[in-house]
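Residue-level structural notes
One-letter residues, chain by chain:
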Amino acid sequence: MKKIIGILLAGALVTSAFAADVNAKVNLLGSLFNFSADGNKVGALAIAEGGQGWNPSFEMSVNGDVAGASMKFFDAGATKAVSNVNYSIWFKPFDMLKVTVGNFSTNLNQETIDYSNTATGIDSNGIALSLNASGFFADAFFAPGWSDANFGWNRTNNAKYWFSTKEGDEKAKIGELYLRAGYSADFGTISAYYNYVGEQASQKDVMDFGIGYKNTFGSVEMFVNAIAGMHDNKMGTIRGELFAKTNIDALGLAAFVVGGYAMDPVKELAKDKLANADKADAAFVGATAKVTYNLGSVTPYLYLKGNNFLADAFQLVIKPGLTGNVGSMSWDLAVEFTAQEKIVIDVPVVFTVAW
């Protein structure tokens, strides 16, 4: 009897010290109808596995008071199966200091329409030191990326060291370095970052840096980011980001605007983001907006996107849609009009079950 009580007490201690979470989702995409003016092509009833490369399909985490770990599995289509796995372990040697080993991601401020369009962030693998004390926060992230090496046994020569040097080198080599610091108080949050990338896409000494401010004014949440990118010891791109959202009863409004100028574009800065600089000595302006109206069981919405209004090949997306739930399954049905020289009309549908 004493042994059973001891086991139960030990289990209670473990339960109180650690919290284990498992999250998973199945996401399927479909197209009920598609028309493309390029060749007058028509299609109907297509289905695809909906893996999102930025959103884990399966995630496990264990977190305690001073240490924890997580594993995230990503997939990007049925033929690719699991395309990426991110591991991380964190621990706190002191109350105000957190050390993360493995995958780490952060940014100054992120818009919540597409959740992907700020150019102030990083998502990579390495060692991060995070300080948080009385409103002040700071991160120092040394990000060499994953190494193809089994350290300690069966060693290979494919290690990616953040710092390395060898005989004959004019200077030591360092990997990507991301620094962020900020302060939060009644006036809002002000923060700044510096990201040294090094050699990237045939450009050398690539770096970007910026400052951001966010606050809530009544029911309006907003932020502004100012960013500059350099390469080969010269200024390449300047970029500004502005986001605001509010709710008025059942009505939701959100808008994200990007603008800037590229003297000599930093090729990887804002790649695949909204309004990326596409040529030298040119301005760029882009925007997204979303309007929603909550009717309880369903929510109609209107999504608008202009990728770069000043680009030679300007693209405009107009997407009215409707979201709702059937039990544990959420669905999203829309009619998407894409105009870029030729018009494409699509009727996409998304089914998701998450647990």
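Quick caveat: nothing in here was measured; it's all calculated off a predicted structure. (Residues numbered from 1 in each chain as written. Predicted model: local features only at pLDDT ≥ 70, side-chain atom pairs only at ≥ 80, totals over all residues. Heavy atoms only, no water.)

Here we look at the overall build of the protein
Put simply, the rule is: Here a helix means four or more residues in a row that DSSP labels H or I, a strand means two or more in a row labelled E, and each is numbered from the N terminus. With a 1.4 Å probe rolled over the protein chains alone, any residue whose accessible area is under 20% of its type maximum counts as buried; one over 50% counts as exposed, and the rest are partly exposed. Should any heavy atoms of two residues lie within 4.5 Å, those residues are considered in contact. Accessible surface is estimated by sampling points in the Shrake-Rupley manner with a 1.4 Å probe; for residues, cover comes only from the protein chains shown.
Helix and strand counts for the protein come out as one helix and 22 strands. Sorting the 355 residues of the protein into buried and exposed places 33% on the buried side. Across the protein, every contact between residues at least 6 apart in sequence was considered, and the portion connecting residues at least 24 apart equals 43%. Summing over all exposed atoms, the protein offers an accessible surface of approximately 20,600 Å²; the carbon and sulfur share of this is 61%.

Considerations on the environment of Val62
In this fold, Val62 is placed in strand E3 (residues 58–64). Note on Val62: relative accessible area 38%, which makes it partly exposed. Val62 sits 40 residues away from Val22 along the chain, and the two C-alpha atoms are 9.0 Å apart.

A few points about the packing of aromatic side chains
Note the threshold: Any two of the Phe, Tyr and Trp rings considered here, Trp counted by its six-membered ring, make a pair once their centres fall within 6.5 Å; the pair's planes then place it as stacked at under 30 degrees, edge-to-face at over 60, or tilted in between. Think of it as a cone above the ring: NZ of Lys or CZ of Arg counts as a charge over the ring if it is within 6 Å of the ring centre and within 35 degrees of the ring normal.
Inspection of the entire model under this criterion finds eight aromatic pairs. Counting every residue linked through ring pairs, the aromatic cluster contains Phe223, Phe243 and Phe256. In this structure, Lys98 packs its charged tip against the face of Trp90, placed 4.9 Å from the ring centre. The ring of Tyr301 has Lys290 sitting right over it, with the charged end atom 4.8 Å from the ring centre.

Structural notes on the pattern of salt bridges
This is how it is decided: The salt bridge definition used is simple: a Lys or Arg side-chain nitrogen within 4 Å of an Asp or Glu carboxyl oxygen.
Taken as a whole and judged by the stated rule, the model has five salt bridges. Between Lys234 and Asp264 there is a salt bridge, with the nearest N and O atoms lying 3.0 Å from each other. With Lys234 in strand E15 (residues 234–248) and Asp264 in the loop between strand E16 (251–262) and strand E17 (282–293), this residue pair connects regions lying 30 residues apart in the sequence. The partner of Glu241 in a salt bridge is Arg239, and the shortest N-O contact between them spans 2.9 Å.

Structural notes on the side chain of Gln203
For clarity, the cut-off: A 3.5 Å cut-off defines polar contacts: any pair of N or O atoms within that distance qualifies, except that in protein one atom must be a possible hydrogen donor and the other a possible acceptor, and neighbouring residues in sequence count only when both atoms are side-chain atoms.
For Gln203, the position within the fold is in strand E13 (residues 203–217). At 3.2 Å, the side chain of Gln203 and the backbone nitrogen of Lys267 are in polar contact. For Gln203, the residues in contact, after removing those within four places along its chain, are Gly198, His231, Asp232, Pro265, Val266 and Lys267.

A few points about the pairing of strand E20 (residues 329–334)
Selection rule: Any two strands with at least two DSSP bridges between them are considered paired.
Alignment of strand E19 (residues 316–326) against E20, held across six bridges, turns out to be antiparallel. Among the inter-strand pairings, Gly321 is bridged to a residue of E20, identified as Ala334. Between the end of E19 and the start of E20, which pair antiparallel, lie two residues, with Gly327 showing a positive phi angle near 60°. Bridging between E20 and strand E22 (residues 342–354) involves five bridges; their strand directions are antiparallel. Bridge assignment links Ser330 to a residue of E22, and that residue is Thr352.

Points about the side chain of Thr246
Within the element layout of this structure, Thr246 appears in strand E15. In this structure the side chain of Thr246 is engaged in a polar contact, spanning 3.0 Å, whose partner is the side chain of Ser219.

Quick look at the environment of Ala181
Tracing the chain through its elements places Ala181 in strand E11 (residues 176–185). Taking C-alpha positions, Ala181 is 5.6 Å from Ala192, a pair spaced 11 residues apart along the chain. Setting aside anything within four residues of it in sequence, one finds Ala181 in contact with Phe136, Phe137, Ala138, Ile190, Ser191 and Ala192.

Focus: unusual backbone geometry
The phi angle of most residues is negative, glycine excepted, and most peptide bonds adopt the trans form. Here the phi dihedral of Ser134 falls at roughly 55°; this positive angle occurs in a residue that is not glycine. For Ser134, a relative accessible area of 73% puts it in the exposed group. Phi angles above zero are rare outside glycine, and Ala270 is one such case at about 65°. Relative to the helices and strands, Ala270 resides in the loop between E16 and E17.

Quick word on a nonpolar patch on the surface
Defined as follows: Like charges are joined within 9 Å and nonpolar side chains (Val, Leu, Ile, Met, Phe, Trp, Tyr) within 5 Å, but only among residues with over 30% relative accessible area and no salt bridge; these make up the patches.
Taken together, the side chains of Phe94, Met96, Leu131, Phe136, Tyr183, Phe187, Ile190 and Ile211 present a nonpolar region at the surface, about 730 Å² in accessible area. Looking at the element boundaries, Phe94 is found in strand E5 (residues 82–94).

Description of the environment of Asp114
Note that Asp114 resides in the loop between strand E6 (97–106) and strand E7 (122–133). Separated by 174 residues in the primary sequence, Asp114 and Thr288 place their C-alpha atoms 8.6 Å from one another.

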